[in-house]
Amino acid sequence: PSIFSNSMVLQRDKPIAVWGWDNPGTEVTVSLGESKTAAKADDQGKWSASLPAQKANATGQTLTVKGSSEKAFTDVLVGEVWLCSGQSNMEWTVNISAYPAEERLNGDHPLIRHIKIPQRPSAKPEADVPTKGWEVATPKTVGNFTAVGYFFALNLRKDKDFTNVPVGLIGSNWGGTRIEPWTNPEGFNSVPALRDISSKLSTFP
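1. Points about the overall build of the chain
Right, on to step 1. Helix and strand content of the chain: five helices and 10 strands.
Right, on to step 2. With respect to the principal axes defined by its C-alpha atoms, the chain has extents near 50 × 50 × 30 Å.
Right, on to step 3. Within the span of the chain, comprising 205 residues, buried residues form 36% of the whole.
Right, on to step 4. Within the chain, contacts between residues at least 6 apart in sequence are counted, and of these 66% link residues at least 24 apart.
Right, on to step 5. When the accessible area of the chain is evaluated, it comes to approximately 11900 Å², of which 54% is carbon and sulfur surface.

Encoded structure:
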C-alpha cells in the first residue's frame, strides 16, 4: 500500500502485517532482513502476510515484496510507532509552535520519522491511502511534523531505555473536526450518556 516508503518505521515486538494487491492467484513473497513469508492473492487480487515480531532495530533493513512485480523498501527501521490523531491541537505543526527557527535548526533526528495521512472523509475503514510517504526528521522536514507528536518523540528518546529506539509518528489529524469520529465504538458503548450515538453505530458500513 501507499503508506509504505523507504524510510518507514515498523512497530517492534508485534507481528508485522504486510498487505497489497496483485493479479488473482499470484504467489507473493515478503521478506524483511532474515524473516520471510508468503501469501497468495485472492479472487479480488488482495493478499496479506505476517512477518514475525522483531526487536527494536535502528539499522536500516530492506523490506522486499515480490509477486508479478518486485518492490524493495530500503532503510526500514523497527521501533515505536505512535498514532497522532485528533483535531487542531494534534495537527498543529512545529512551524507554528514556539521558537520554530530554533526547532528546525536542531531538527536532525534520523531515528524520528513522520507520515502525514491525507484529509479525506470516509464512512468506512480504508485499506489503502495515498500519501507522500514517511519523512526523516531533518531541519528541512521537521517543520511540517505534528508538534505534539514530535516533542513527544524527543522526550521519549531521552529515556535511557529508548536511546537507540526509532520512533515513527503517524499524523492522522484534522483540525475543526468533531471529536466523535476519533472515538472508537468501545468508547461510545462504555458511556451510558452516549447511548443515543452508540445505538446508531451499526448503521455505518
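2. Section: the pairing of strand β8 (residues 109-116)
Side-chain direction in a regular strand flips from residue to residue, so the side chains alternate between the two faces of the sheet.
Right, on to step 1. Sheet topology places β8 next to strand β9 (residues 135-137); three bridges connect them, and they run antiparallel. Bridge assignment links R113 to a residue of β9, and that residue is V136.
Right, on to step 2. Pairing between β8 and strand β10 (residues 167-173): five bridges, direction parallel. Counted as the bridge partner of R113 is G168 from β10.

3. Looking at the layout of surface pockets
The rolling of a water-molecule-sized probe over the atoms marks out the regions of remaining empty space.
Right, on to step 1. There is about 320 Å³ of room inside the second largest pocket.
Right, on to step 2. H114, K116, K132, E135 and N144 are the residues nearest the centre of the second largest pocket, which is lined by 14 residues in total.
Right, on to step 3. Put simply, the parts of the chain that give the lining of the second largest pocket at least two residues each are α1 (88-91) and β8.
Right, on to step 4. Considering every element that reaches the lining of the second largest pocket, the biggest residue donor is β8, with three residues.
Right, on to step 5. Within the lining of the second largest pocket, the residues separate by chemical class into three nonpolar, seven polar and four charged.

4. Re the packing of aromatic side chains
Where two aromatic rings form a pair, the distance of their centres and the angle of their planes describe that pair.
Right, on to step 1. Per the counting criterion, the structure on display carries three aromatic pairs.
Right, on to step 2. Taking the centre distance of 4.9 Å and the plane angle of 70° together, the rings of W82 and F152 count as edge-to-face. One end of the pair, W82, is in strand β7 (residues 70-86); the other, F152, is in helix α3 (residues 147-156), with 70 residues separating them in the sequence.
Right, on to step 3. Taking relative accessible area as the criterion, W82 reaches 35% and is therefore assigned partly exposed.
Right, on to step 4. The structure contains a cluster of three or more aromatic residues connected by ring pairs, namely F145, Y150 and F151.

5. With respect to the nonpolar core
Right, on to step 1. Of all hydrophobic cores here, the largest spans 21 residues; its most connected members are V30, W47 and L63.
Right, on to step 2. Mapped onto this core, the elements with two or more residues apiece are β2 (16-21), β3 (27-32), β5 (46-51), β6 (57-66) and β7.
Right, on to step 3. Those residues in contact with W47 that sit more than four places away from it in its chain are V18, W19, G20, W21, D22, V28, V30, A39, K40, A41 and V65.
Right, on to step 4. Core analysis: the second largest hydrophobic core is formed by 15 residues, A137, A153, F162 and L169 among them.

6. Some details on α3
Right, on to step 1. Every buried residue belonging to α3 is among A147, G149, Y150, A153 and L156, and all of these are buried.
Right, on to step 2. Against β7, α1, α2 (100-105), β8 and β10 lie the buried residues of α3.
Right, on to step 3. A side-chain oxygen of the first residue of α3 lies 3.3 Å from the backbone nitrogen of G149; this N-cap is T146.

7. Considering unusual backbone geometry
Right, on to step 1. Phi at D13 takes a positive value of approximately 60°, unusual for a residue other than glycine.
Right, on to step 2. The topology assignment puts D13 in the loop between β1 (9-11) and β2.
Right, on to step 3. Looking at D13, the relative accessible area reads 40%, which means it is partly exposed.
Right, on to step 4. Its identity as a non-glycine residue notwithstanding, D75 has a phi of 60°, on the positive side.
Right, on to step 5. Within the fold, D75 resides in strand β7.

Reading the values: the criteria
Residues numbered from 1 in each chain as written. Predicted model: local features only at pLDDT ≥ 70, side-chain atom pairs only at ≥ 80, totals over all residues. Heavy atoms only, no water. Helix = DSSP H or I, 4+ residues; strand = E, 2+ residues; numbered from the N terminus. Buried < 20%, exposed > 50% of the residue type's maximum accessible area, 1.4 Å probe, protein only. Contact = heavy atoms within 4.5 Å. Areas by Shrake-Rupley, 256 points an atom, 1.4 Å probe, with all protein chains shown as cover. Pairing = 2+ DSSP bridges. 1 Å grid on protein atoms, 1.4 Å probe; cavity = no way out; pocket = protein on both sides within 12 Å on 5 of 7 lines; lining within 4 Å. Points joined across faces, edges and corners; volume = space filled by probe spheres on them. Nonpolar A, V, L, I, M, F, W, Y, C, P; charged D, E, K, R; others polar. Phe/Tyr/Trp six-rings, centres within 6.5 Å; stacked < 30°, edge-to-face > 60°. Core = buried A, V, L, I, M, F, W, Y, C linked by side-chain atoms within 4.5 Å. Polar contact = N/O pair within 3.5 Å; in protein donor to acceptor, adjacent residues only side chain to side chain.

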